[in-house]
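# Observations on chain architecture
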Amino acid sequence: MCISKHSVWEAYKRVKANKGATGVDGQTIKEFEDNLKGNLYKLWNRMSSGSYFFPAVLRVEISKGDGRMRPLGIPTVADRIAQMVVKQYLEPEVEKHFHPDSYGYRPGKSALDAIGKARKRCWQYNWVVDLDIKGFFDNIDHELMMRAVRTHTEEKWILLYIERWLKAPIELQDGSQKYPRKGTPQGGVVSPLLANLFLHYAFDKWMVRTHPDIPFERYADDGVCHCQRLSQAESLKRELQKRMHEVGLELHPEKTRIAYCKDSNRRGSYETVSFDFLGFTFRPRLSRNRSGKYFVNFSPAISKKAQKAICQTIRDWQLPRQTLLDLADIASWINPAVRGWINYYGSYCKSTLIVS
């Protein structure tokens, strides 16, 4: 297998920078570094000889903020490095083929880029199909996934390890293990890249081929499609349901809906005039132009769900009880989170963030 030692070293440095929790072996990055040279050599030797097998992925659950839990798969430190090696080889090969309006987990693109593009297109198009794929990461078809990977590489070791990784056992919280027949654990290093590759063929290319007149923004399994007419939006929603069924997926029945981009220039009404996308709520808002005249503008601002999540985080800090810390310590502790909220949610309609 043509895997260089340098690629393993670069993968280790990127994994260390990303930090992350411990996997099933309980080994931290610091403990891995106690015998760094030996551990990296052993990993390179096994990957190069084709004898590396992925250990079980630790299943943990985190709150989604709405009472439901999101399952995550936490690989071991060595496993994350191995996945990063695969990602470093595969990502440049597939990245150049991805659609420009695919924004999730891609170098040089961000969620704010997707929000900005959706904002402009909501001014140009009257209707939106807000789509969400139900349990996307848990339902990716392995055969279709490997077919997509083979389209972009013939490297046997990449195909070997991606297939092994897809079939790696999942260790549950009670210590039992299960072997998945579909899906890719959300939380792995290479998982976002594989998810993008799968939806590149399942959604992006299908949209370009069948609906070239309907622009969209997609961030992982969240997407927004822009239509001029209600009939066009209803037809697209039905076709998307069929398309997702063809590739083994399902649109979320509650989160996938049609919304009317209501503003001062658009007459008529519709039962839904708002939608959420990447932590922002798009809806009609009262705005003022440069001459001081008020008008209704369809624009994004922080969503109520995101506001609740921020408030809960602040409550969890229990600041009134931090009597042993001075103001400088408290500021250095909370400033990174506050700065992140302001930089992200303050990008559009910052006054809503301040009020919240």
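Preceding block: the structure.
Criteria and thresholds
- Residues numbered from 1 in each chain as written.
- Predicted model: local features only at pLDDT ≥ 70, side-chain atom pairs only at ≥ 80, totals over all residues.
- Heavy atoms only, no water.
- Helix = DSSP H or I, 4+ residues; strand = E, 2+ residues; numbered from the N terminus.
- Rg over C-alpha atoms; globule rule 2.2 N^0.38 Å.
- Buried < 20%, exposed > 50% of the residue type's maximum accessible area, 1.4 Å probe, protein only.
- Patch = residues over 30% accessible without salt bridge, like charges linked within 9 Å, V, L, I, M, F, W, Y side chains within 5 Å.
- Areas by Shrake-Rupley, 256 points an atom, 1.4 Å probe, with all protein chains shown as cover.
- Salt bridge = Lys/Arg side-chain N within 4 Å of Asp/Glu carboxyl O.
- Contact = heavy atoms within 4.5 Å.
- Pairing = 2+ DSSP bridges.
- Axes fitted to C-alpha atoms, helices over the stretch in contact; angles between N-to-C directions.
- Core = buried A, V, L, I, M, F, W, Y, C linked by side-chain atoms within 4.5 Å.
- Expected span 1.5 Å × (residues − 1).
- Phe/Tyr/Trp six-rings, centres within 6.5 Å; stacked < 30°, edge-to-face > 60°.

## Quick word on the overall build of the protein chain
When helices and strands are counted, the protein chain shows 12 helices and 11 strands. Its C-alpha radius of gyration of 23 Å places the protein chain within 12% of the 21 Å reference for a compact globule of 356 residues. Taken along its principal axes, the extent of the C-alpha atoms in the protein chain is 70 × 60 × 35 Å. Within the span of the protein chain, comprising 356 residues, buried residues form 47% of the whole.

## Regarding a nonpolar patch on the surface
Together, L286, Y294 and V296 line one region of the surface with nonpolar side chains, adding up to about 310 Å² of accessible area. Here L286 lies in strand β10 (residues 280-288).

## Overview of the side chain of H152
For H152, the position within the fold is in helix α6 (residues 142-152). A relative accessible area of 13% means that H152 is categorised as buried. Other than its neighbours up to four places away in sequence, H152 contacts E93, V94, H97, L197 and Y201.

## A word on the pattern of salt bridges
Where side chains of opposite charge bring their charged atoms close, a pairing between them can arise. Summed over the entire model, instances satisfying the criterion amount to nine salt bridges. D101 serves as the salt-bridge partner of R121, at 3.1 Å between the closest nitrogen and oxygen. Within this pair, whereas R121 is found in helix α5 (residues 111-124), its partner D101 is found in the loop between α4 (77-95) and α5, the two being separated by 20 residues in sequence. Accessibility assignment for this pair places R121 and D101 in one class, buried. Residue R243 is joined to E246 by a salt bridge in which the shortest nitrogen-to-oxygen separation is 3.3 Å. Residue R243 and its partner E246 are located together in helix α9 (residues 230-246), separated by three residues, close to a single helical turn. Owing to a relative accessible area of 55%, E246 belongs among the exposed residues under this scheme.

## Remarks on the sheet that holds strand β2 (residues 69-74)
Judged by pairing direction, the sheet is mixed, and its four strands sit side by side in the order β2-β1-β4-β5 without closing on themselves. Looking at the sheet topology across the chains shown, the edges are occupied by β2 and β5 (177-178). As paired strands, strand β1 (residues 57-63) and β2 are joined by six bridges and run antiparallel to one another. Looking at β2, one finds that I62 is bridged to R70.

## What about the sheet that holds strand β8 (residues 257-260)?
Taken together, the four strands give an open sheet; going across it, the order is β6-β7-β3-β8, and neighbouring strands pair in antiparallel fashion. This sheet does not close on itself; its edge strands, each paired only once, are β6 (216-219) and β8. The sheet shows a mean angle of 20 degrees between the axes of neighbouring strands, taken without regard to direction. Inspection of the sheet shows strand β3 (residues 127-132) paired to strand β7 (residues 222-227) by six bridges, in the antiparallel sense. Bridging from a neighbouring strand, D132 pairs with D222 of β7. Sitting on the sheet, helix α8 (residues 191-210) touches β3, β6 and β7, and the angle it makes with β6 is about 170 degrees.

## So, the nonpolar core
Grouped together as the largest cluster of nonpolar side chains are 67 residues, with contacts concentrated most on M47 and I81. Those residues within four positions of I81 in sequence are excluded, and the remaining contacts are V8, A11, Y12, V15, F32, L40 and L43. With 28 residues, the next largest nonpolar core counts I115, V128, A259 and I310 among its residues.

## Points about helix α11 (residues 327-345)
The end-to-end C-alpha separation of α11 is 25 Å, in line with the 27 Å expected for 19 residues at 1.5 Å each. Here α11 has its buried residues at I330, I334, W341 and Y345.

## Comments concerning the environment of V208
Along the chain, the position of V208 falls in helix α8. Along the primary structure V208 and E10 are separated by 198 residues, whereas in three dimensions their C-alpha atoms are 36 Å apart.

## Observations concerning the packing of aromatic side chains
Scanning the entire structure with this criterion turns up 20 aromatic pairs. With centroids separated by 5.7 Å and ring planes inclined at 55 degrees, the aromatic side chains of Y105 and Y219 adopt a geometry described as tilted. Of this pair, Y105 sits in the loop between α4 and α5 while Y219 is found in strand β6, placing the two residues 114 residues apart along the sequence. By relative accessible area, which is 39% here, Y105 ends up partly exposed. Between W127 and Y270, the aromatic rings sit 4.9 Å apart at their centres with planes inclined by 90 degrees, giving edge-to-face as the arrangement. Pair noted here: W127 is in strand β3 and Y270 is in the loop between β8 and β9 (275-277), with a separation of 143 residues, a long-range link. Joined through ring pairs, the aromatic side chains of F280, Y344, Y345 and Y348 make up one cluster.

## What to know about the pairing of β7
For β7, a buried count of five out of six residues is recorded, marking the element as mostly surrounded by other parts of the structure. Relative to β7, β6 runs antiparallel, the two being bridged by four bridges. Of the residues in β7, the one forming a bridge with F216 is C225. Between β6 and β7, which pair antiparallel one after the other, the connecting turn spans two residues, and A220 there sits at a positive phi close to 55 degrees.

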